[in-house]
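# Structural overview
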Amino acid sequence: MTALYDRNSQARPNASPIPSGVPQKLSVVSPGVTSSEPVLAWLEQVLQERFGLPLLLERDGPERLYLRHAEAPGHILFDRLQPGFYLAGVDLPHCQWEATEEGFDAPLDLPLPAPGAASLPRPLVEPAAGGLTIHYDILGLTYWMLSRVEEVDAQVLDRHCRFPASASHAGRHGYLERPVVDEWLAVLGQVIRRQWPQAQLRQHEFTLRPSHDVDRPSRYGFARDVKLARVMLGDALLHRRPQALLVGPWVRLCTRRRLHPLDPLNTFDWLMDVSERHGLTSAFYFICGRTDPRKDADYEPEHPAMRHLMRRIHERGHEVGLHPSYHTFRNPKELANEAERLRRVCAEEGIEQAQWGGRMHYLRWQMPLTLQGYEQAGLDYDTTLSYAEAPGFRCGTCFDYPAFDPVKGEPLALRIRPLIAMEASVISPLYLGLGTGEEAFKRFSMLKARCRAVGGTFTLLWHNSELTTSAQRELYERVLSD
Ligand SMILES: [Zn+2]
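Each value, and the rule that gives it
- Residues numbered from 1 in each chain as written.
- Predicted model: local features only at pLDDT ≥ 70, side-chain atom pairs only at ≥ 80, totals over all residues.
- Heavy atoms only, no water.
- Donors = N, O, S within 2.8 Å, 3.2 Å for Na, K, Ca; no water.
- Tetrahedral: all angles 85-135°; square planar, octahedral: opposite > 155°, others 65-115°.
- Helix = DSSP H or I, 4+ residues; strand = E, 2+ residues; numbered from the N terminus.
- Buried < 20%, exposed > 50% of the residue type's maximum accessible area, 1.4 Å probe, protein only.
- Domains from an automatic or database assignment.
- Contact = heavy atoms within 4.5 Å.
- Buried area = accessible area lost by both parts, 1.4 Å probe.
- Expected span 1.5 Å × (residues − 1).
- 1 Å grid on protein atoms, 1.4 Å probe; cavity = no way out; pocket = protein on both sides within 12 Å on 5 of 7 lines; lining within 4 Å.
- Points joined across faces, edges and corners; volume = space filled by probe spheres on them.
- Nonpolar A, V, L, I, M, F, W, Y, C, P; charged D, E, K, R; others polar.
- Salt bridge = Lys/Arg side-chain N within 4 Å of Asp/Glu carboxyl O.
- Pairing = 2+ DSSP bridges.
- Axes fitted to C-alpha atoms, helices over the stretch in contact; angles between N-to-C directions.
- pLDDT = per-residue confidence, 0-100.

It is worth spelling out the coordination of the zinc ion at this point. At 2.1 to 2.7 Å from the zinc ion lie its protein donor atoms, namely Asp-215 (OD), Asp-215 (OD), His-323 (NE2) and His-361 (ND1). Relative to the metal, the four donor atoms surrounding the zinc ion lie at angles of 51 to 129°, and the coordination shape comes out irregular. The sequence pattern describing where the donors of the zinc ion fall on their chain is D-x107-H-x37-H. Residue Asp-215 is located in the loop between strand 8 (207-214) and helix 5 (225-238), and its partner His-323 is located in the loop between strand 10 (319-322) and helix 9 (332-348); the two are separated by 108 residues in the primary sequence. In this structure His-323 comes out as buried when scored by relative accessible area, which is 1%.

On to the domain arrangement of the protein. What the domain assignment lists for the protein is domain 1 (38-195), domain 2 (207-217 + 265-481) and domain 3 (221-260). The C-alpha centroid of domain 2 is placed 28 Å from the C-alpha centroid of domain 1. On the domain 2 side, the residues contacting the 35 residues of domain 1 number 40 residues. Taken over both partners, the interface formed by domain 1 and domain 2 buries close to 3100 Å², and the fraction arising from carbon and sulfur atoms is 57%. Sorting the residues of domain 1 by area buried against domain 2 places His-160, Arg-162 and Glu-177 first, and these three jointly supply 21% of that buried surface.

Once that is clear, we can look at helix 1 (residues 38-51). Between its terminal C-alpha atoms helix 1 stretches 20 Å, which fits the 20 Å expected from 14 residues at 1.5 Å a residue. Where helix 1 is concerned, the buried positions are Val-39, Leu-40, Ala-41, Trp-42, Leu-43, Glu-44, Val-46, Leu-47, Arg-50 and Phe-51. At its buried positions, helix 1 is contacted by strand 1 (55-60), strand 2 (64-69), helix 2 (138-146), helix 4 (180-195), strand 13 (401-405) and strand 14 (410-416).

The volume enclosed by the largest pocket comes to roughly 1200 Å³. Considering the residues around the largest pocket, the lining is formed by 47 residues, among which Asp-215, Arg-216, Lys-295, His-361 and Tyr-362 are closest to the centre. Secondary structure elements with two or more residues in the lining of the largest pocket: helix 5 and helix 11 (423-427). For the lining of the largest pocket, the element with the most residues is helix 11, which contributes three residues. Partitioning the lining of the largest pocket into residue classes produces 18 nonpolar, 12 polar and 17 charged.

Our next topic: the pattern of salt bridges. Pairing of side chains with opposite charge becomes possible as their charged atoms draw close. Throughout the structure, instances matching the rule amount to 33 salt bridges. One salt bridge in this structure joins Arg-316 and Asp-273, with 2.5 Å as the shortest N-O distance. Of the two residues, Arg-316 sits in the loop between helix 8 (304-315) and strand 10 while Asp-273 sits in helix 7 (residues 268-277), which places them 43 residues apart along the sequence. Judged by relative accessible area, which is 22%, Arg-316 ranks as partly exposed. Judged by relative accessible area, which is 34%, Asp-273 ranks as partly exposed. Between Glu-276 and Arg-316 there is a salt bridge; the shortest N-O distance is 3.0 Å. One end of the pair, Glu-276, is in helix 7; the other, Arg-316, is in the loop between helix 8 and strand 10, and 40 residues separate them in sequence. Overall, Glu-276 belongs to the partly exposed group, its relative accessible area being 36%. Residues joined by salt bridges that share partners form a network here, namely Asp-269, Asp-273, Glu-276, Arg-312 and Arg-316.

A sheet is described by the order of its strands in space; here five strands give the open sequence 1-2-3-7-6, paired in mixed fashion. On the outer flanks of this sheet lie strand 1 and strand 6 (125-128), each paired with one strand and no other. Each neighbouring strand pair of the sheet contributes to a mean axis angle of 25°, computed without reference to strand direction. With five bridges connecting them, strand 2 and strand 3 (residues 72-78) associate as antiparallel partners.

In this model, the protein carries a mean pLDDT of 91, and residues with pLDDT of at least 70 account for 93%. Ignoring residues within four places in sequence, the model shows residues 1-32, a span with pLDDT below 50, making 60 contacts including any to other chains.

Once that is clear, we can look at the pairing of strand 6. Both strand 6 and strand 7 (residues 131-134) contribute to a ladder of four bridges, which runs antiparallel. Directly across from Pro-127, in strand 7, lies its bridge partner Leu-132. Between strand 6 and strand 7, which follow one another and run antiparallel, lie two residues, and Gly-130 among them has a positive phi close to 80°.

With that settled, the discussion passes to the environment of Arg-311. In this structure, Arg-311 sits in helix 8. Considering only alpha carbons, one finds Arg-311 and His-173, 138 residues apart in sequence, at a separation of 45 Å. Arg-311 has contacts with Glu-349 and Ile-351, leaving out every residue within four places of it along the chain.

See below:
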């Protein structure tokens, strides 16, 4: 693999703003023709999806980028490109921009974080010959955030080998809870309307996507003898539920063709009921392999009770997906095998879906190896990207977008569906530790409101196994209803 990134480089004055292997000379793009640079062609697609307009990008040397409308004259010029957005291992500066002071609407009514700029000129947007000029690299920011450039060759990893929020630029500069790309694209939308007043920008409607990683579908149903005894004794003694000593063996005995209704982790029908009451569709991601016996599931997807569960999810109009096992984030071949296994079981059960997606177990992710695993597996989307330790906008957006490999410099046939919050990130003492009360609700509610403010999607992960108490269920319902 060609090293595209020099980990030790600081933003060198002559650093190339585009990955190598890409022609760096001025590319003249005729209207209606997609840019020949993969990064620019990909950015054009992102803009097309966001604004619904035929927008074209044309590079003018290393410092300047033109945004043109295929059917209208004039341009928007970005005249301060940040080369560091295209390099891993660069510590970018950060400042803020007061949109309202310059006559723009800020979607969250807050100053916009501006990664990559130590300071910004005023005014930020100025008329110039033939159009408007923006003195901030909004598109470089978009590329940098969406393709997760800063995670390539990351040196700081947590105990699950995950790139932690605390090492991220957003975590260090305090804007992880901001959909920074969406906020800046909202500003760009306003500049587009100023430049091309006739243009009809696409409007996006807020959506909510509940999803559920099926790590433990049953408390007692699949456990082997010693483990079963341990779980039951723990429930009886530590959790003060003596009935576990009776329920456990009974559930174990009866979990043959379906999960038992008395099983405390069998919350699937309840989850589907709640989603249906809110007019939502739930996605359930199943583990289909065992790359770490201690961290992966104790069930097999071929078990009749699991087949029955998947069938039931499908019959009720919800979604079945893959939860790739613990070590697959660095093992594309195994990830592909697990996807194949899920599709085979589903085919045998008559489960047909227009698309198949998944989320990595433990939210493990290595850029870009995990992306390659998804591509090899032929999956349509991934919805892993959030940090376990803190909820928010790891990719700076709450919109789906086409994946891009920042090392190969190529787009992939895969969609990224950023995860905004996992229940444990907010509730668990391992992470924010806000519990299941008012404080936790407020945090979920704030994140959801921010997704709504930019017309995006609030993707929520709530494990079926984290709904055993009435406080947990109440909080979940409040978050959905809010
Ligand atoms: Zn999991």
